[in-house]
Amino acid sequence: MVLQGVGIGRGLAVGPILRMPEPLAEPGDEPSALAPDAEKVRVAGALAATAADIRLRGERAGGSAKDVLDAQAFMAEDPTLRDDVNARIDSGKTGERAVFEAFAAFRDLLVSMGGYMGERATDLDDVSQRVVAHLRGVPAPGVPDPDHPFVLIARDLAPADTALLDLDKVLALITSDGGPTSHTAILAREKAIVAIVGAVGALDLPDGETVIVDASRGVVTVAPSDEERAAAEATIAARAAVADVPIGPGALADGTPVPLLANLGSVDKLAEAIEKGAEGVGLFRTEFLFLDSEHAPTIAEQQAKYTALLQGFAGKKVVVRALDAGADKPLSFLNDEPEENPALGLRGLRALRAHEVILRDQLTALANAAADTTAELWVMAPMVSTVEETRYFVALARELGIKTAGVMVEVPASALLADRILADADFASIGTNDLTQYTLAADRLLGSVASFQDPWHPAVLRLVGEVGRAGAALGKPVGICGEAAADPMLAVVLVGLGATSLSMSPAALADVRAELARFTRAQAQEFAELALSANSAVEARAAVLSAATPLTTQPTESE
Ligand code: PEP
Ligand code: MG
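Here the residue numbers are simple positions, counted from 1 along each chain's written sequence. All chains are assigned letters beginning at A, and all ligands numbers beginning at 1, according to the order in which they are written. Side-chain atom pairs in this predicted model are given and counted only at pLDDT of 80 or more, local residue features only at pLDDT of at least 70, and totals for whole chains, interfaces and linings cover all residues. Each side-chain value is derived from all of the structure's non-hydrogen atoms; neither hydrogens nor water enter the calculation.

Draft legend 1. Layout of the site of ligand 1. Whether a residue is near a molecule or strand depends on its heavy atoms: if one lies within 4 Å, it is near. Close contacts around ligand 1 come from 15 residues, with Arg285, Arg321, Gly431, Asn433 and Arg444 the closest. The separation between an oxygen atom of ligand 1 and a polar side-chain atom of arginine 285 is 2.8 Å. Accessible areas in this description were obtained via Shrake-Rupley with a 1.4 Å probe; residue shielding takes into account the shown protein chains only. About the coverage of ligand 1: the protein hides 99% of its 290 Å² of free accessible area. Among the cavities detected, the one that contains ligand 1 is the second largest cavity. Classification convention: Asp, Glu, Lys, Arg as charged; Ala, Val, Leu, Ile, Met, Phe, Trp, Tyr, Cys, Pro as nonpolar; all other residues, Gly among them, as polar. Of the residues contributing to the shell around ligand 1, the split by class is three nonpolar, four polar and eight charged. N or O atoms within 3.5 Å of each other form a polar contact, as long as, within protein, one can give a hydrogen and the other can take it, and as long as residues adjacent in sequence are counted only when both atoms are side-chain atoms. Buriedness for pockets is judged along seven lines, at least five of which must meet protein on both sides within 12 Å for an open set on the 1 Å grid over protein atoms alone, while cavities are sets there where a 1.4 Å probe fits but cannot get out, and lining residues have an atom within 4 Å of a point. Molecule-in-pocket calls rest on the fraction of atoms, with more than half required to lie within 2 Å of the cavity or pocket grid points.

Next up, the structure:
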């Protein structure tokens, strides 16, 4: 039997499954036997203890897990939530019930907001369960801890659990709920955990059953045959050997350089990117710095952050994207009107243009930061859909002192007119996540249409080819910075289509570097032709994979 979900990253794992225990039963609604003040004291103690416990977990986990867990601790300390709990206690409810109801009400509010906020709902459920467990004096629900490695199955893991997964024991993670941008997915990608989210039916599998988890295809193979298991284990071993390949600049087998760059959303990950051999930054998502800000950041505030980034990559290329607000990443100071279809609304450069002073401040902060360092700063605009927008952005960037100004190609219109867009822009960077969403008309946040969100689709590849051709004709660089660049075989195809650099999450660099080194430019172009002539994403991938010698059967040097 096979289950389909959305794979996070490229990992592969084999092992027996174990399910997360079911959450605590809902507290009953019988009236409290205690006086309201006594209930309130109990709840205040449980909220404080839960916040302290979550913070401690964050400190132990470090990295962005710490930020996620600190945000959860703030939820437990949120005064509005506490007032709501106390009001429910005043109406005669038990502490357990009041906590359950108040958190659930807030959760429903977040869900109704959808997008990024909606995906934070799981975090609230987790905090609520932990507070109720505290009040009941029972252990908080959590990850099982057997004495052998296992594949963890859960409905949707809370950040507190994902952050602390013991990676020596948890071979892979499968969730039945959650989309590719849930916190589970974000943390799994960062920790390089083999993960598949949204695998419907996973919760019905019996504990102890063996599964193969193939994140690159989003497929869980239940009770595999001996041959399937042996093939998966051979691939895992071959990939482990690849991870030991020395780090050097990205290049094809014939020596054609393909610079491998990092996608970053904060300066915290800078050291890791350098350690994994990033040759610069291909996408710095500035909006991640300001997701929680209520006011537009000042020039000085921004300059400090950009200076830290550029100093970390002294002498290297750093591509910074202007704020990409809207859709799943609303910024309260840029997106003021609710929209029915935010992915098709005032997002990216459109929102910046509607608040030009914010764009001017950002470009000024970037130009100032660049003046103080030796890094080579390139700046690009998100969600550009016309030649006129390109001209607007490039002119403004130059006026404010940016030397290299380009655009992201994320909308089919920009890909189709890439020759004209690149006549004005210094470079293009293709955002395959959005380009796929807009080409296939499938919301990238919706689990129900996740199967359309496949950058192997020949329509997407044909558009990439348009941009590659325009770049080659005009002598302008064409980078790729969507998740597609992190898929090693697809990365080769993208180079065959004309991409001149690839940018990805640092965890993917080793696999992509190794795959590029196996093929010449002529082979990459052949694979690109094969993929373009397929009828579907599935056919394109299959055609290229069968034409390329699998890594597992590649002869070793001693053979
Ligand atoms: C993309 O759309 O591919 C991209 C890199 O931008 P983001 O994922 O931040 O929208
Ligand atoms: Mg995008």
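Draft legend 2. Inspection of the pattern of salt bridges at higher detail. Here a salt bridge means any side-chain nitrogen of Lys or Arg lying within 4 Å of a carboxyl oxygen belonging to Asp or Glu. Taken as a whole and judged by the stated rule, the model has 32 salt bridges. Between arginine 97 and aspartate 29 there is a salt bridge; the shortest N-O distance is 3.7 Å. Highlighted residues: arginine 97 in helix H4 (residues 95–113) and aspartate 29 in the loop between strand E3 (12–19) and helix H1 (36–61), separated in sequence by 68 residues. For each residue, the accessible area found with a 1.4 Å probe, counting protein chains only, is set against the maximum for its type, and the residue is called buried under 20%, exposed over 50%, and partly exposed in between. The exposure class of arginine 97 is buried, given its relative accessible area of 12%. A residue is classified by how much of its surface remains accessible, and aspartate 29, at 45% relative accessible area, is partly exposed. Here glutamate 233 makes a salt bridge to arginine 229, at a shortest N to O gap of 3.2 Å. Within this pair, glutamate 233 and its partner arginine 229 are both found in helix H9 (residues 226–243), separated by four residues, close to a single helical turn. For glutamate 233, a relative accessible area of 38% translates into the label partly exposed. Here the residues in one salt-bridge network are Glu26, Asp29, Asp84, Arg88, Lys93, Arg97 and Glu101, joined through shared partners. Helix and strand labels come from DSSP, where a helix needs a run of H or I of at least four residues and a strand needs a run of E of at least two; each type is numbered from the N terminus.

Draft legend 3. Just the side chain of threonine 286, in detail. As for its placement among the helices and strands, threonine 286 is situated in the loop between strand E10 (280–285) and helix H11 (299–312). Setting aside residues no more than four positions away along its own chain, threonine 286 makes contact with Tyr306, Val320, Arg321, Ala322, Leu323 and Gln362. By the convention used here, residues are in contact when the closest approach between their heavy atoms is within 4.5 Å.

Draft legend 4. The UniProt feature "binding site: Mg(2+)" (unreviewed entry) in the protein, seen in detail. UniProt positions are given in the numbering used here, feature names are shortened, and annotations may be inferred rather than shown by experiment. Mapped onto this numbering, the UniProt entry gives "binding site: Mg(2+)" (unreviewed entry) at Glu410 and Asp434. Despite a sequence span of 25 residues, these residues sit close together in the fold, their greatest C-alpha distance being 5.2 Å. For the second largest cavity, the lining residues drawn from the annotated set are Glu410 and Asp434. Tracing the backbone through its elements, the reader meets glutamate 410 in the loop between strand E13 (404–409) and helix H15 (412–416). Looking at glutamate 410, the relative accessible area reads 2%, which means it is buried. Apart from residues lying up to four places away in sequence, glutamate 410 is in contact with Arg321, Pro382, Met383, Gly431, Asp434, Leu435 and Tyr438. A polar contact is formed between the side chain of glutamate 410 and the backbone nitrogen of methionine 383, at a distance of 2.7 Å. Following the sequence through the fold, aspartate 434 ends up in helix H17 (residues 432–439). Other than its neighbours up to four places away in sequence, aspartate 434 contacts Arg347, Glu410 and Arg444. Here the side chain of aspartate 434 touches arginine 347 through a polar contact of 3.1 Å, side chain to side chain.

Draft legend 5. Focus on the coordination of the magnesium ion (ligand 2). Taken together, the protein ligands of the magnesium ion (ligand 2) are Glu410 (OE) and Asp434 (OD), with distances of 2.0 Å. Highlighted residues: glutamate 410 in the loop between E13 and H15 and aspartate 434 in helix H17, separated in sequence by 24 residues. Like aspartate 434, glutamate 410 is buried. Donor selection uses N, O and S atoms within 2.8 Å of the metal (3.2 Å for Na, K and Ca). Since no water is included, sites may look incomplete.

Draft legend 6. Layout of the environment of serine 128. Within the secondary structure, serine 128 is located in helix H6 (residues 121–136). Sequence separation between serine 128 and valine 213 is 85 residues; the distance between their C-alpha atoms is 31 Å. Not counting residues within four places of it along the chain, the set of residues in contact with serine 128 comprises Val99, Phe100 and Phe103.

Draft legend 7. Region of the structure containing the sheet that holds strand E5 (residues 170–175). With mixed pairing, eight strands are arranged side by side in an open sheet as E1-E8-E7-E3-E4-E5-E6-E2. Since the sheet does not close on itself, it has two edges, and those belong to strand E1 (2–4) and strand E2 (6–8), each with one partner. Taking the axes of each pair of neighbouring strands and ignoring which way they run, one obtains an average angle of 30° across the sheet. Relative to strand E6 (residues 195–197), E2 runs antiparallel, the two sharing three bridges. One requirement defines pairing of two strands: DSSP has to find at least two bridges between them. Helix axes are fitted only over the stretch in contact, all axes being lines through C-alpha atoms; the angle between N-to-C directions runs from 0 to 180 degrees.

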